[in-house]
Amino acid sequence: MGDGLTREVDRFEKLWNDWEIRGAIVVSFFIQILLLVTAGYRKRNYGLNLKAVSMSIFLWLEYLFADSVAIFALGYLSQNEGEVSHLVILWAPFLLLHLGGQDTITALSIEDNELWKRHLLTFISQACIAIYVFAKSGRPSSISWAGSFIFFAGIVKYVERIWALQKASMSSLRSSYTMESDKILKFHMYMDSKSWLKDYGDVVCTAYELSKMMKPFVTDQTLNFKTWAASRRYFSQLDAEKAYKVIEVELYFMYDILHTKAAVLQKWYGWLFRVSTLICTITALIIFTMSKRIDYHKIEVGITYLLLVGAVVLESSSLAFMSLSLRTYAGIEKSNKRMNWLKQGLMVVIGKLRPEEKSEWANCMGQCSLLNYTVNCKSDRIGILMSSFGVKENWDIFWNTDYKHVEPDLKELVLSELKRKIHGIREEHIYKRLFLIPGRQEEHIYEGYRDHRGEIARILRRECCYNEVGWSIEKEFDRSILMWHIATDILVHSNEHEQNIENKECLHRDISEDISKYMLFILIARPFMLPSGIGQIRFRDTCREVEAVELQRGRIPQILKKASIAELRSYIEHDRPQRIEAGRVVLEYSMSILLDGAKLAQQLQELFKIEGNRQDFERMWKLISGVWVEMLCFAASKCVGSSHTKQLSMGGEFLTHVAFLMAHMGIGEEHRFGMYVNLGSA
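Computed from a predicted model, the values in this text were never measured in an experiment. (Residues numbered from 1 in each chain as written. Predicted model: local features only at pLDDT ≥ 70, side-chain atom pairs only at ≥ 80, totals over all residues. Heavy atoms only, no water.)

Participant: So, the environment of Gln266: which residues are in play, and what are the values?
Facilitator: Residue placement: Gln266 occurs in the loop between helix 14 (262-265) and helix 15 (268-290). Distance in space between the C-alpha atoms of Gln266 and Arg327 is 7.3 Å, their sequence separation being 61 residues. Gln266 has contacts with Trp271, Met322, Ser325, Arg327 and Thr328, leaving out every residue within four places of it along the chain. Side-chain polar atoms of Gln266 contact the side chain of Thr328, separated by 3.3 Å. (Helix = DSSP H or I, 4+ residues; strand = E, 2+ residues; numbered from the N terminus. Contact = heavy atoms within 4.5 Å. Polar contact = N/O pair within 3.5 Å; in protein donor to acceptor, adjacent residues only side chain to side chain.)

Shown next as structure tokens:
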């Protein structure tokens, strides 16, 4: 019995020793395939739904295990070079090749780019280990020569990766942006020449030029006035479809710079690197095929063939991806005007593989309703379990967020409002040639977003209702979001049941509801994209007060089927939880905005006197949609560039698209301009 067990243990130990390094190298190779194939999906992988979360976790594990497995295998070879065959020792260069990573991903998040010095140190140490293992492999042979070519390719790939990380770091992006006068002039002339778009190729080339000029926005620097002046004229002539497509492709180029090797590979030396690695892997495969392999184990020979053929396929795929990328097309357009046949052929292929209709981002927006959120977040066993792990809030967001495509009507409304602003600036002569005043270094072209109250107050005054509901915007921004969200939610449910208006389809109501739910999603799931405040605390207190009211009266949407908004408001006032503290009666949830939201909804309804009048119904929702568009634009202008770019690897945010659109139009407090310019000639 004991001898049999010992033999089984010895057999298992031998099997483990034989397959430990074999398994590690095969796993490392397949991880590289997965990274090449799946890395690009995260550009369209949006939100906190099951599919998006699963994909994010899967890619995260791939990214971490890719380096860990390769480093482990190199360490194993360095410690056991005397116990494995000569052929296995020559797998070390392949591990260095794998550590160089794939062209489709260098950084999982933008913070990884700041760690390029750590990757440089890792490269030096792992290269030294690989050289040590390779040098101990014995006398030179044809197989050693094959390993030498792979070793060279691995060094090149690893250098590419570190260089790409360094070029994508914030300090490098800041220093790389130099606005010499000739570059500004070329950009200015290019934008003027693209006053209208003939085809998708023009969209790609324009977005490529814009992405280079927008580096200051990404790194939270000031924009140059001439850059804005050229892009403003350009965007003012575009319809919504073309304008958002340009922004979409521009952000695609931004993503490539921040998360892939594009910053290195799309230069002339990048093409040299990729062709050289492909030639090296092909040469190594040919040499190994022609060498004598009879002395080696068949399994090890098979794995070596797998690694060599796999390396050739991966490098060929990388070269094909480079050749068929939008960046390559834009580079050809810029570098050589005579190669029309190549540009046309390349655009035909690109059009088949990635047609213009295919979105380069998720094109989705999160939708959260505070009333439905509260109903679905009642404590249960799973909720208690999640609370014990400290992830209850994330769990609630996961289960209570819906996602929908950004509607073209919403995009059109936002763009038309931005166009109205820049036309209004010109009509009101707000420029006043401020750039020519001696001693003044910089000024805002459009200052309407210094504070969220300004633009919203203008809308309320236009509808002659500022005195009645102006109090709702004289609060912190997160409080205004919650207040208007609750009011919008109440009015949506109320108008569905109280009013007897035929054909209730109302564009502005739908847009109001979409933006309202999206802004609440940003508040609770992306708080770093909003001005600092205590919005999440207010949100939690409001949810608790809603639960207290619904415990007494039933669900608020159900209440609105039978009661008016005024009655709902009285219920909320009557049922507010209170407690005795230091001999005084105080509210249980002091940060709740529920009553304020109900009060605002009642005032809006009374203000427009909706009694079956379709015109008043539409006027009210037009006002509300205008307020929400201004809140959206204010949030976009206040969010720093680094927070916008952080979302590019997570499917993107519509807020980011609005922010870039505003930046190109010179709208927003953050967009300052650092050169003196004669506005009459700009």
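Participant: How would you explain helix 33 (residues 654-665) if you had to name every residue and give the values?
Facilitator: Taking 1.5 Å of rise per residue, the twelve residues of helix 33 would be expected to cover 16 Å, and the 17 Å separating its terminal C-alpha atoms lies within 8% of that figure. For helix 33, a buried count of twelve out of twelve residues is recorded, marking the element as mostly surrounded by other parts of the structure. Of all the residues in helix 33, the buried ones are Phe654, Leu655, Thr656, His657, Val658, Ala659, Phe660, Leu661, Met662, Ala663, His664 and Met665. Downstream of helix 33 by one or two residues, Gly666 has phi in the positive range, about 75°. (Expected span 1.5 Å × (residues − 1). Buried < 20%, exposed > 50% of the residue type's maximum accessible area, 1.4 Å probe, protein only.)

Participant: I'd like a rundown of the environment of Val469, residues and numbers included.
Facilitator: Summarising the element assignment, Val469 is placed in helix 24 (residues 466-469). C-alpha of Val469 to C-alpha of Leu600: the two residues are 131 residues apart in sequence and 6.8 Å apart in space.

Participant: Break down the nonpolar core for me, with residues and values.
Facilitator: Phe235, Val414 and Phe654 are the most contacted members of the largest nonpolar core, which totals 129 residues. Per-element accounting of this core gives the leading share, 14 residues, to helix 31 (residues 614-638). Excluding residues that lie within four positions of it along the chain, Phe654 makes contacts with Tyr244, Trp361, Val406, Leu410, Lys411, Val414, Tyr518 and Leu632. (Core = buried A, V, L, I, M, F, W, Y, C linked by side-chain atoms within 4.5 Å.)

Participant: Any chance you could break down the packing of aromatic side chains for me, citing the residues and the numbers?
Facilitator: Going through the model one piece at a time under the given rule, you end up with 17 aromatic pairs. Centroid distance Phe29 to Phe30: 5.3 Å. Interplanar angle 65°. Geometry classified as edge-to-face. Given a relative accessible area of 5%, Phe29 falls into the buried group. Ring geometry for Tyr208 versus Phe253: centroids 5.5 Å apart, planes at 75°, classification edge-to-face. Within this pair, whereas Tyr208 is found in helix 10 (residues 200-213), its partner Phe253 is found in helix 13 (residues 240-259), the two being separated by 45 residues in sequence. Taking the relative accessible area as the measure of exposure, Phe253 reaches 1% and is therefore buried. (Phe/Tyr/Trp six-rings, centres within 6.5 Å; stacked < 30°, edge-to-face > 60°.)

Participant: Pulling in residues and values, what's your account of the packing of helix 4 (residues 92-99) against helix 6 (residues 116-135)?
Facilitator: Contact geometry of helix 4 with helix 6 gives a least axis separation of 9 Å together with a crossing angle of 165°. By the angle between their axes, helix 4 is roughly antiparallel relative to helix 6. Helix-helix and strand crossings are classified by hand; for helix 4 and helix 6 the assignment is left-handed. Where helix 4 approaches helix 6, its residues Ala92, Pro93, Leu96 and Leu99 are matched on the opposing element by Gln126, Ala127, Ala130, Val133 and Phe134. Grouping the constituent residues of the contact of helix 4 with helix 6 by class yields eight nonpolar, one polar and no charged. (Axes fitted to C-alpha atoms, helices over the stretch in contact; angles between N-to-C directions. Parallel < 35°, antiparallel > 145°, perpendicular 65-115°, else oblique. Left-handed = near helix turned anticlockwise from the far one by under 90°. Nonpolar A, V, L, I, M, F, W, Y, C, P; charged D, E, K, R; others polar.)

Participant: I'd like a description of a nonpolar patch on the surface, backed by residues and values.
Facilitator: Taken together, the side chains of Ile57, Trp60, Leu61, Leu64 and Phe65 present a nonpolar region at the surface, about 460 Å² in accessible area. When you line up the elements, Leu64 lands in helix 2 (residues 50-79). Of the residues examined, Leu64 reaches a relative accessible area of 39% and is grouped as partly exposed. (Patch = residues over 30% accessible without salt bridge, like charges linked within 9 Å, V, L, I, M, F, W, Y side chains within 5 Å. Areas by Shrake-Rupley, 256 points an atom, 1.4 Å probe, with all protein chains shown as cover. Salt bridge = Lys/Arg side-chain N within 4 Å of Asp/Glu carboxyl O.)

Participant: Quick rundown of the pattern of salt bridges? Include the residues and the values.
Facilitator: All told, the structure shown has 24 salt bridges when counted by the stated rule. For the salt bridge of Arg44 with Glu360, the shortest nitrogen-to-oxygen distance reads 3.5 Å. Here Glu360 lies in the loop between helix 18 (340-353) and strand 1 (364-367) and Arg44 lies in the loop between helix 1 (2-38) and helix 2, a separation of 316 residues in the sequence. Given the relative accessible area of 30%, Arg44 is considered partly exposed. Overall, Glu360 belongs to the buried group, its relative accessible area being 3%. The partner of Lys421 in a salt bridge is Glu417, and the shortest N-O contact between them spans 3.3 Å. With Lys421 and Glu417 both in helix 22 (residues 408-428), this residue pair falls four residues apart, about one helical turn. Note on accessibility: Lys421 and Glu417 belong to one class, buried.

Participant: Please set out helix 2 residue by residue, giving values where relevant.
Facilitator: Over its 30 residues, helix 2 extends 43 Å from the first C-alpha to the last, a length consistent with the 44 Å expected when each residue adds 1.5 Å. In the structure, helix 2 departs most strongly from a straight axis at Phe65, where the bend amounts to approximately 30°. (Bend = angle between axes of the 7 residues up to and from the residue.)

Participant: Which residues make up the packing of helix 4 against helix 7 (residues 142-168), and what are the values?
Facilitator: In contact at an axis separation of 7 Å, helix 4 and helix 7 are set at 20° when each is read in the N-to-C sense. Relative to helix 7, helix 4 is oriented roughly parallel. Here helix 4 and helix 7 pass one another in a crossing that is left-handed. Here helix 4 contributes Pro93, Phe94, Leu96, Leu97 and Leu99 to the contact with helix 7, which in turn contributes Gly147, Ile150, Phe151, Ala153, Gly154, Ile155, Lys157, Tyr158 and Arg161. Residue composition of the contact of helix 4 with helix 7, by class: ten nonpolar, two polar and two charged.

Participant: With reference to specific residues and values, describe the side chain of Lys421.
Facilitator: Looking at Lys421, the relative accessible area reads 2%, which means it is buried. Within the structure, the side chain of Lys421 is placed 3.0 Å from the side chain of Glu630, a separation counted as a polar contact.

Participant: Give me the lowdown on the pairing of strand 1, citing residues and values where you can.
Facilitator: Strand residues, when the strand is regular, have side chains that alternate between the two faces of the sheet. Of the two faces of strand 1, both are covered, the one formed by Cys364 and Gly366 as well as the one formed by Met365 and Gln367. Sheet analysis places strand 1 next to strand 2 (residues 402-405), joined by four bridges and oriented antiparallel. Along strand 2, the bridge assignment pairs Gln367 with Asp402. (Pairing = 2+ DSSP bridges.)

Participant: Before we move on, could you go through the side chain of Lys411 and cite the residues and values that matter?
Facilitator: Its place among the elements puts Lys411 in helix 22. Nearest to the buried, unbridged Lys411 among oppositely charged side chains is Glu248, at 5.5 Å. Lys411 has contacts with Tyr244, Asn363, Val406 and Phe654, leaving out every residue within four places of it along the chain. (Lys, Arg positive; Asp, Glu negative; His and termini not counted.)

Participant: Tell me about the environment of Tyr255, residues and numbers included.
Facilitator: Within the secondary structure layout, Tyr255 lies in helix 13. In this structure, Tyr255 is in contact with Ala39, Arg42, Lys43, Thr104, Thr260, Leu648 and Ser649, ignoring residues within four places of it in sequence. At 3.0 Å, the side chain of Tyr255 and the side chain of Arg42 are in polar contact.

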